[in-house]
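# What the coordinates show
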Amino acid sequence: MISRPIASNDEVPPDHGPDGAPSSRGGEAYFNRELSWLSFNERVLAEACNPKYPLLERLHFLSISGSNLDEFMMIRVAGLVGQVQRGINRPSIDGRTPSQQLAAIRDQLETISAWQQNAWRKLHGLLNDADIFVADDHRLKPAAHDWLKAYFLDEILPVITPQALDPAHPFPFIANEGTGLLFTLRRDADREQIIEMILIPSALPRFVRVPGDEAIYISISSLIQRYADKLFPGFTVVGDGLFRVLRDSDIEVEEEAEDLVRYFRSAIQRRRRGQVIQLEIEEDFDPQAEQILLEQLGIHEAAVIKTDGMIGIDGLAEIVEEDRPDLKFDSYSPRYPERIREHDGDAFSAIREKDIIIHHPYESFEVVVDFIRQAAADPDVVAIKQTLYRAGSQSAVINALIAAAEAGKSVTAVVELKARFDEEQNLMWANKLERAGVQVIYGFVDWKTHAKIAMVVRREEDGFRTYCHFGTGNYHPITAKIYTDLSFFTADPRLVRDAAKMFNFVTGYVEPSGLEEIAIAPLNLRETIYDRIDAEIANAGAGKPAAIWLKCNQITDQGVIDRLYAASEAGVTVELVVRGICCLKPGVPGMSENIRVKSIIGRFLEHSRIYAFANGKPMPSAESIVYISSADLMGRNLDRRVESLIPINNRTVHDQVLQQVLLANMLDTEQSWWLHSDGSYERVGSQDKPFNCHRYFMTNPSLSGRGGSLQAGGVPKLSLRKGRSG
């Protein structure tokens with residue numbers, strides 16, 4: 001079957017194997033997905049308190065923890081609320097009902113919110129010490145007061161609209177992530193009391209920097225409060241308060257949606273008006289005004305977060321932009337791969353000679369853009385096919401595809417409209433591509449196309465040759481500077497033939513047969529992972545070395561977890577690097593005592609997926625089986641998305657991925673956290689020889705361009721602990 005209904009956010013079943021059979025182990029064998037995600041955000045928040053980081057980088061981590069938490073509320077919590085309202089009691093992987101999960105989440109949210117505010121107070125003081133002043137009126141000189149008043153009158157007053165809250169005025173609509181102020185006023189003439197609302201337009205910045213050498217930032221909300229007399233002449237301000245609203249932001253795809261483009265244009269508008277999930281207000285918010293908000297927004301007090309600190313922690317990202325290099329990480333310029341340089345920038349010549357692996361962000365993403373640019377300009381190139389999941393707001397890749405189409409080449413782009421929060425951007429790109437003559441395909445109604453593949457077909461002396469790019473990350477030039485990902489370039493005929501079948505599957509629903517190398521979700525990727533785990537179990541039973549090393553962003557699928565538990569019980573050594581959610585419980589006697597899980601949180605966001613299996617030899621070795629993938633080990637990736645699992649057969653590339661990239665992640669101590677069987681995370685303790693994998697790749701020359709550094713002993717030998725290599 002190619003088409004089946006997609007599970008909406010409030011009906012997503014617990015991850016399980018393809019047969020749908022529940023695990024016999026019971027819920028106590030797994031961590032809760034939502035609580036595990038909150039633990040991940042706590043690790044991000046912990047970096048805001050890390051004294052080893054420059055000050056503005058710590059502030060950046062704090063703002064990230066805020067934006068992460070907002071998305072969690074708008075998607076995951078909203079989904080659970082929807083389940084409760086619909087009477088859905090389907091248990092999570094750990095056996096909790098939706099209402100039980102919500103109760104546990106709210107308890108943990110209180111802790112995280114308090115931690116965020118404490119972190120902000122600490123950083124606020126450190127910023128003052130560093131001559132960066134946020135919301136500090138005491139630093140303002142008379143000239144600054146004059147400038148702020150003029151700024152308010154010229155830039156703010158014309159775009160804000162006070163609205164009275166009374167029976168004569170309908171309650172205004174407050175958009176998702178909308179921020180506003182409520183003023184309690186007393187008319188000077190007759191002492192009558194009224195309440196006014198001002199919604200702060202999203203087009204306004206969160207903070208305004210006062211001109212001058214001193215870095216003084218004043219929030220827009222405080223400016224409105226400061227000059228309230230200009231808004232309400234003839235009134236006395238009795239009280240005021242800031243609030244912020246988060247709404248359900250998930251877009252559910254209906255099976256009967258016949259026109260995806262039209263459906264998503266409408267759905268994006270509906271998302272702005274989703275159910276209110278959280279109301280954030282100041283601690284001393286006027287009780288009468290608070291009651292009005294609760295009644296008009298239709299929410300319970302349980303959805304209200306009160307704080308005596310900053311509302312909207314994510315807004316601190318604007319302060320991070322302050323031009324203070326001394327308070328940021330040392331600047332870093334990614335290298336351009338030497339292999340391409342040796343061929344005078346001719347990517348096709350370099351790939352034709354030998355497969356190439358590129359390690360972003362240490363190696364420049366420009367090589368990927370140049371691959372498409374060269375194809376667009378090359379008169380011998382006849383066709384280009386590419387998937388686009390997230391391309392960003394300023395995409396050189398999109399422009400290169402347009403240039404290719406305008407040059408008369410056959411260009412096909414698979415644009416995924418269901419990429420959450422990028423739907424509107426992707427609609428815009430799709431329209432622009434179509435106008436340029438690109439054949440735009442939207443893929444399946446019910447599956448997201450998440451695989452990252454580009455194909456270039458070129459006419460050469462001995463016939464047509466196809467060059468492929470397989471990635472673990474998106475074709476997104478901005479995230480490619482901070483996400484660690486892999487780009488694999490090859491002209492291997494077997495991989496090329498499989499890639500062509502994969503495109504035909506997405507564009508024409510032609511289910512591929514006779515795949516030679518690549519595994520594709522939702523067809524056979526899960527089974528391929530299962531087969532490799534089972535092979536390690538068999539090797540352990542035969543007394544051969546048996547080990548599994550997996551690196552991914554999340555692992556929540558019950559079927560995969562149970563398979564790994566079985567591997568541990570059989571004596572297979574399992575090492576997992578899981579950045580975010582992990583529902584697997586490591587180190588449980590009799591179940592997972594041979595499994596260890598670590599999470600790496602650092603300067604860059606670990607994003608690549610690498611799956612390696614010992615294959616009967618001590619890990620790591622040339623005989624190990626290695627894959628890179630676009631897929632995490634989640635039910636959605638294995639069963640409800642189009643994903644790719646790419647075997648790495650070239651010896652040089654194999655060693656680079658396994659014995660450089662993956663091994664370095666295993667060896668990292670400075671940015672790593674161990675997951676314990678009780679669900680807690682603990683930083684890896686001090687080591688005699690500390691190792692930072694991010695710093696290593698930033699300073700080790702030409703890791704991805706050549707394999708020489710490995711042969712030269714540049715990567716330390718494996719020493720996780722005695723016997724852990726399998």
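Computed from a prediction, not measured in an experiment: that's the story for all the values here.

Glancing now at the sheet that holds strand S5 (residues 207-210). Read across the sheet, three strands follow the order S1-S6-S5 without closing on themselves; strand pairing throughout is mixed. At either margin of the open sheet sits one strand with a lone partner, and together these are strand S1 (132-134) and S5. The sheet shows a mean angle of 25° between the axes of neighbouring strands, direction not considered. Two strands pair when backbone bridges link them, and S1 and strand S6 (residues 215-219) are joined in this way by three bridges, in the parallel orientation. The partner of Ile132 across the bridge, within S6, is Ala215.

The next point concerns the confidence of the model for the protein. Here the protein averages 88 in pLDDT, while 88% of its residues score no lower than 70. Predicted confidence is poor over residues 714-725, with pLDDT under 50, and the contacts of this stretch with residues over four places away or in other chains come to 37 contacts.

The next thing to look at is the sheet that holds strand S7 (residues 235-247). The mixed open sheet is built from six strands, whose spatial order is S2-S4-S3-S7-S8-S9. Every other strand in the sheet has two partners, leaving strand S2 (162-164) and strand S9 (304-307) as the edge strands with one partner each. Looking at each pair of strands side by side, their axes are set apart by 30° on average, direction ignored. Here strand S3 (residues 179-187) pairs with S7 via nine bridges, running antiparallel. When the bridges of S7 are listed, Phe183 appears paired with Asp240.

Another aspect to go through is the pairing of strand S19 (residues 547-552). Regular strands have side chains that alternate between both faces of the sheet. With six of six residues buried, S19 lies mostly within the body of the structure. Residues Ala547, Trp549 and Lys551 line one face of S19 and the alternating positions Ile548, Leu550 and Cys552 line the opposite face, and both faces are buried. Taken together, the six bridges between S19 and strand S20 (residues 573-578) define a ladder with parallel strand orientation. Counted as the bridge partner of Cys552 is Val578 from S20. With helix H17 (residues 558-569) bridging S19 and the parallel S20, this β-α-β connection has right-handed handedness. Of the pairings in the sheet, the one linking S19 to strand S23 (residues 609-613) comprises four bridges and is antiparallel in character. From the neighbouring strand, Ile548 faces S23, where its bridge partner is Phe613.

Here the focus is the side chain of Asp492. Among the secondary structure elements, Asp492 is positioned in the loop between strand S17 (483-490) and helix H15 (493-508). Taking the relative accessible area as the measure of exposure, Asp492 reaches 15% and is therefore buried. For Asp492, the side chain forms a polar contact with the main-chain nitrogen of Arg494, separated by 2.8 Å.

On to the nonpolar core. Leu59, Leu62 and Leu564 are the most contacted members of the largest nonpolar core, which totals 90 residues. Beyond its immediate chain neighbours, meaning those up to four positions away, Leu564 contacts Ile533, Ile548, Leu550, Ile555, Val574, Leu576, Leu584 and Ile595. Core analysis: the next-biggest nonpolar cluster, separate from the first, contains 50 residues, Leu486, Val496, Ile646 and Leu663 among them.

For the rest of this paragraph, the subject is H17. Here H17 contains 12 residues, and its C-alpha end-to-end distance of 16 Å stays within 8% of the 16 Å for a straight helix at 1.5 Å per residue. Burial within H17 is extensive, with nine of its 12 residues counted as buried. Looking at H17, one finds that the buried residues are Gln558, Gly559, Val560, Ile561, Asp562, Leu564, Tyr565, Ala567 and Ser568. Residues of H17 that are buried in the fold lie against helix H16 (525-541), S19, S20, strand S21 (595-600) and helix H18 (635-639). The N-capping residue of H17, defined by a side-chain oxygen 3.1 Å from the backbone nitrogen of Gly559, is Asp557. At the C-terminal side of H17, Gly571 shows a positive phi close to 100°.

On to the pattern of salt bridges, then. A pair can form between side chains of opposite charge whenever their charged atoms are brought close. Enumeration according to the criterion identifies 36 salt bridges in this entry. A salt bridge links Arg96 to Asp94; the shortest N-O distance between them is 2.7 Å. What makes Asp94 buried here is its relative accessible area of 12%. Among the ionic pairs, Asp557 bridges to Arg526, the shortest N-O distance being 2.8 Å. Taken as a pair, Asp557 in the loop between S19 and H17 and Arg526 in helix H16 lie far apart in primary sequence, 31 residues in all. One network of salt bridges, in which partners are shared, links Arg352, Asp378, Asp380, Arg458, Glu460, Asp462 and Arg465.

Rules used in this analysis
Residues numbered from 1 in each chain as written. Predicted model: local features only at pLDDT ≥ 70, side-chain atom pairs only at ≥ 80, totals over all residues. Heavy atoms only, no water. Pairing = 2+ DSSP bridges. Helix = DSSP H or I, 4+ residues; strand = E, 2+ residues; numbered from the N terminus. Axes fitted to C-alpha atoms, helices over the stretch in contact; angles between N-to-C directions. pLDDT = per-residue confidence, 0-100. Contact = heavy atoms within 4.5 Å. Buried < 20%, exposed > 50% of the residue type's maximum accessible area, 1.4 Å probe, protein only. Right-handed = clockwise from strand over helix to strand, strands pointing away. Polar contact = N/O pair within 3.5 Å; in protein donor to acceptor, adjacent residues only side chain to side chain. Core = buried A, V, L, I, M, F, W, Y, C linked by side-chain atoms within 4.5 Å. Expected span 1.5 Å × (residues − 1). Salt bridge = Lys/Arg side-chain N within 4 Å of Asp/Glu carboxyl O.

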